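# Descriptive structure summary
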Amino acid sequence: MVMVWSLLCALTRNTFGLMLLSVHGDTAKDAELLILILRHPLAVLRRHANRPMLQPADWVTLAALSRPLPRAR
């Protein structure tokens, strides 16, 4: 249920943001568009900021799983 409200809020916010773009001038329109575009990557960075600390066994597992991958990856 929380996810539905979150999605509804995001859709509403983006809809109002796009409606405001049609009212403003070109410079303000470009600035608002940039803000709308950068909002998603900022949210992703905020989610990843509190990642859990890995234990030594986790590092060993990741190293073993990464061995078959090419060096470039």
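Everything in this summary refers to the structure shown in the same document. Small disclaimer: the values here were computed from a predicted structure and weren't measured. Counting starts from 1 at the beginning of each chain's written sequence and moves along it residue by residue. Thresholds applied to this predicted model are a pLDDT of at least 70 for local features of residues and 80 or more for the giving and counting of side-chain atom pairs; totals over whole chains, interfaces and linings are not thresholded and use all residues. As a rule here, side-chain values come from all non-hydrogen atoms in the structure, and water together with hydrogens is ignored.

### Side note on the overall build of the protein
In this description a helix means any DSSP run of H or I spanning at least four residues, a strand means any run of E spanning at least two, and both kinds are numbered starting from the N terminus. Broken down by element type, the protein carries three helices and zero strands. The order of helices and strands in the protein, counted from the N terminus, is α-α-α. Here the protein holds 73 residues, and 4% of them are scored as buried. Under the convention used here, a 1.4 Å probe and the Shrake-Rupley method define accessible areas, while residue burial counts only the protein chains that appear. Element-wise, carbon and sulfur atoms account for 69% of the exposed surface of the protein, whose accessible area totals about 7100 Å². Think of it in three bands: with a 1.4 Å probe and only protein chains considered, a residue is buried below 20% of the maximum accessible area for its type, exposed above 50%, and partly exposed in between.

### Brief notes about helix α2 (residues 26–48)
Take the number of residues in a helix, subtract one, and multiply by 1.5 Å to get its expected span. Given a rise of 1.5 Å per residue, 23 residues ought to cover 33 Å, and the 34 Å separating the end C-alpha atoms of α2 matches this to within 8%. Largest kink in α2: about 30°, centred on Arg-39, with the proline Pro-41 one to four residues after it. Across the chain, bend at a residue is computed as the angle between axes fitted to the seven residues ending at that point and the seven starting from it.

### Some thoughts on a nonpolar patch on the surface
Exposure above 30% relative accessible area and no salt bridge define the residues that can form patches, which grow by joining like charges within 9 Å and nonpolar side chains of Val, Leu, Ile, Met, Phe, Trp and Tyr within 5 Å. We count a salt bridge whenever a side-chain nitrogen from Lys or Arg sits within 4 Å of a carboxyl oxygen from Asp or Glu. A contiguous nonpolar surface patch, about 380 Å² in accessible area, is contributed by Leu-33, Leu-34, Ile-37 and Leu-38. Note on placement: Ile-37 falls in helix α2. Exposure remark for Ile-37: the relative accessible area of 52% places this residue in the exposed category.

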